[in-house]
Amino acid sequence: MALIVHKYGGTSMGSVERIRNVAKRVAKWSRAGHQLVVVPSAMSGETNRLLGLAKELSPVSTTAELARELDMIASTGEQVSSGLLAIALQAEGLQAVSYAGWQVPISTDTAHTKARISAIDDKRVRADLAAGRVVVITGFQGVDPQGNITTLGRGGSDTSAVAVAAALKAAECLIYTDVDGVYTTDPRVVPEARRLQTITFEEMLEMASLGSKVLQIRSVEFAGKYRVPLRVLSSFTPWDIDLSEEARSGTLITFEEDEKMEQAIVSGIAFNRDEAKISLLGVTDKPGIAYQILGPVADANIDVDVIIQNVSHAGRTDFSFTVHRNDYARTLELIKRVVLPVTGAADLVGDAKICKVSIVGIGMRSHVGVASKMFSVLSQEGINIQMITTSEIKTSVVIDEKYMELAVRALHKAFDLEQPAG
């Protein structure tokens, strides 16, 4: 039979009873003849609790030294859940063993709290699988070249699971979560949202990058780069559901663009509340000005999203960009201290109450007027657009945060996303 990787989120691991149910589900797959590697997240709320303790002791901005200790603390959540799951599997009569990321090892770079995986040594895991064991590997963490524990950023267990599946050349990676698949948008905002049976990796990558919380973006990047078959499905279906039915459930993230999918111009609406905008007004318009502004931001390991530079007037221009809201205060301080003195900007303006709303679909490649329809819908709702960015298969707008849900509902209805495609 096949080598399968299961990943279970924090909600799925949220109690002893839920861990027992995960063990029963894994045992079902194992008894069907599959080799199983399981990557669990920390129990729901545990990482926040641990980092909250650290914040009580040191509420100051994160330094390199503090980031190292935060990784030491945060990584313990996954170690606990992995050990508990291995015990639960043994109670089911299976041979099972758990490993922390450094024991595999999963090698990463040195960027504490947001490390990137560089390599995975699969020898130890393969030996256990060959011996008939179920292998449980902590998600979210690895080890840097100096032997320090690192973590991959929030949601990093998805990335761990896909990376392990890629290293082992697994037949499929199943991401078990508290939702039963990928929806056209968040059902909590639009109750009429529809679950997608399939979505392309390109669309899922855009959805993840634009605010969809179903999968961490780096997990989708890994899956696309190494062509790992990926399926998102619910861990709250009964554990004894028929295996063949379970294997077909949820949403399959595919490399193929079939005819039915091509008929859908827009596949989904993504949104992100965690945006903040920074604008430098009256910047001297000269070669290299964008680098003078964004170079120090990049050096500080701050991700920049939407970027807009206005047309020059009298040798001056306005330059705006967005960052994650958690990085807003730090970026403002950096701009004031490092960037303003060398750019000649007349003013610095910030806004932490914005959001980004996006339409995504591979059908946008072959249909005209999609963006203009989006703008028309927002205009009819009285929503002002502050920034626009596009790609082949997406159009994103930055708007006032208070209009986000109205915009998502209006666009979802305008593009008939509550109706089955085709």
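Summarised in this report is the structure supplied together with it. Predicted model only: the values in this text are computed from it and were never measured.

1. Focus: the pairing of strand β18 (residues 394-400)
Within a regular strand, side chains alternate between the sheet's two faces.
1) Next: Extensive coverage of β18 is indicated by the burial of six of its seven residues.
2) Next: Here strand β16 (residues 347-360) pairs with β18 via seven bridges, running antiparallel. Paired with Cys355 across the two strands is Ile399, which belongs to β18.
3) Next: Two strands pair when backbone bridges link them, and strand β17 (residues 387-391) and β18 are joined in this way by five bridges, in the antiparallel orientation. Bridge assignment links Ser391 to a residue of β18, and that residue is Lys394.
4) Next: Where β17 folds back on β18, the antiparallel hairpin that results is connected by two residues.

2. Some remarks on the side chain of Arg231
1) Next: Position of Arg231 among the secondary structure elements: in strand β11 (residues 230-234).
2) Next: Here Arg231 falls in the buried class, since its relative accessible area comes to 10%.
3) Next: Reaching out from Arg231, the side chain makes a polar contact with the backbone oxygen of Ala247 at a distance of 3.1 Å.
4) Next: Contacts of Arg231, omitting those with residues within four sequence positions, involve Glu172, Cys173, Leu174, Ile175, Ala247, Arg248, Ser249, Thr251 and Leu252.

3. Some details on a nonpolar patch on the surface
1) Next: Taken together, the side chains of Val80, Leu84 and Ile87 present a nonpolar region at the surface, about 250 Å² in accessible area.
2) Next: Mapping Ile87 onto the fold places it in helix α3 (residues 64-91).

4. A look at the environment of His367
1) Next: One can find His367 in the loop between β16 and α12 (370-380).
2) Next: Considered as a pair, His367 and Ile265 are 102 residues apart in the sequence and their alpha carbons are 7.1 Å apart.
3) Next: Among the polar contacts made by the side chain of His367, one reaches the side chain of Ser366 at a distance of 3.4 Å.

5. Re unusual backbone geometry
1) Next: For the peptide bond that leads from Val104 to Pro105, omega is -5°, which places it in the cis range.
2) Next: Within the element layout of this structure, Pro105 appears in the loop between β3 (96-99) and β4 (106-108).
3) Next: In this structure, Thr113 is a non-glycine residue whose phi angle is positive, near 75°.
4) Next: Looking at the element boundaries, Thr113 is found in the loop between β4 and β5 (117-120).
5) Next: The class of Thr113 is partly exposed, set by a relative accessible area of 28%.
6) Next: Positive phi outside glycine occurs at Asp416, with the angle close to 55°.
7) Next: Counting through the fold element by element, Asp416 comes out in the segment after α13 (404-414).

6. Brief notes about the sheet that holds strand β12 (residues 251-254)
1) Next: If you trace the eight strands from one edge of the open sheet to the other, you get β3-β6-β2-β1-β9-β11-β12-β10, paired in mixed fashion. The strands lining the two open edges of the sheet, one partner per strand, are β3 and β10 (198-200). The average undirected angle you get between the axes of adjacent strands in this sheet is 20°.
2) Next: Sheet topology note: the β3/strand β6 (residues 134-137) ladder contains four bridges and is parallel. The residue bridging Tyr99 from the neighbouring strand is Ile137, located in β6.
3) Next: Set on the sheet, helix α4 (residues 123-130) makes contact with β1 (3-8), β2 (35-40), β3 and β6; between it and β2 the angle comes to about 130°.
4) Next: In the packing of helix α6 (residues 201-209) onto the sheet, the strands contacted are β10, β11 and β12, and the crossing angle to β10 comes to about 80°.

7. Some points on the nonpolar core
1) Next: Ranked by size, the top nonpolar core spans 42 residues in total, and within it Val5, Val37, Cys173 and Leu230 carry the most contacts.
2) Next: At seven residues, helix α5 (residues 156-168) tops the list of elements feeding residues into this core.
3) Next: Val189, Val190, Val357 and Met404 belong to the second-largest nonpolar core, a separate cluster that totals 23 residues.

8. Describing the pattern of salt bridges
1) Next: Applying the stated criterion across every chain, the model contains 23 salt bridges.
2) Next: Its salt-bridge partner being Glu275, residue Lys356 comes within 3.8 Å of it at the nearest N-O pair. Of the two residues, Lys356 is situated in strand β16 and Glu275 in strand β13 (residues 268-284); the sequence distance between them amounts to 81 residues. Glu275 matches Lys356 in its accessibility class, with the two residues each being buried.

9. Digging into the side chain of Asp144
1) Next: With respect to the secondary-structure elements, Asp144 resides in the loop between β7 (141-143) and β8 (149-151).
2) Next: Despite its burial, Asp144 pairs with no opposite charge; the closest candidate is Arg68, at 6.8 Å N-O.
3) Next: Separated by 2.9 Å, the side chain of Asp144 and the backbone nitrogen of Gln146 make a polar contact.
4) Next: Not counting residues within four places of it along the chain, the set of residues in contact with Asp144 comprises Thr108, Asp109, Thr110, His112 and Thr150.

Procedures and definitions
- Residues numbered from 1 in each chain as written.
- Predicted model: local features only at pLDDT ≥ 70, side-chain atom pairs only at ≥ 80, totals over all residues.
- Heavy atoms only, no water.
- Buried < 20%, exposed > 50% of the residue type's maximum accessible area, 1.4 Å probe, protein only.
- Helix = DSSP H or I, 4+ residues; strand = E, 2+ residues; numbered from the N terminus.
- Pairing = 2+ DSSP bridges.
- Polar contact = N/O pair within 3.5 Å; in protein donor to acceptor, adjacent residues only side chain to side chain.
- Contact = heavy atoms within 4.5 Å.
- Patch = residues over 30% accessible without salt bridge, like charges linked within 9 Å, V, L, I, M, F, W, Y side chains within 5 Å.
- Areas by Shrake-Rupley, 256 points an atom, 1.4 Å probe, with all protein chains shown as cover.
- Salt bridge = Lys/Arg side-chain N within 4 Å of Asp/Glu carboxyl O.
- Axes fitted to C-alpha atoms, helices over the stretch in contact; angles between N-to-C directions.
- Core = buried A, V, L, I, M, F, W, Y, C linked by side-chain atoms within 4.5 Å.
- Lys, Arg positive; Asp, Glu negative; His and termini not counted.

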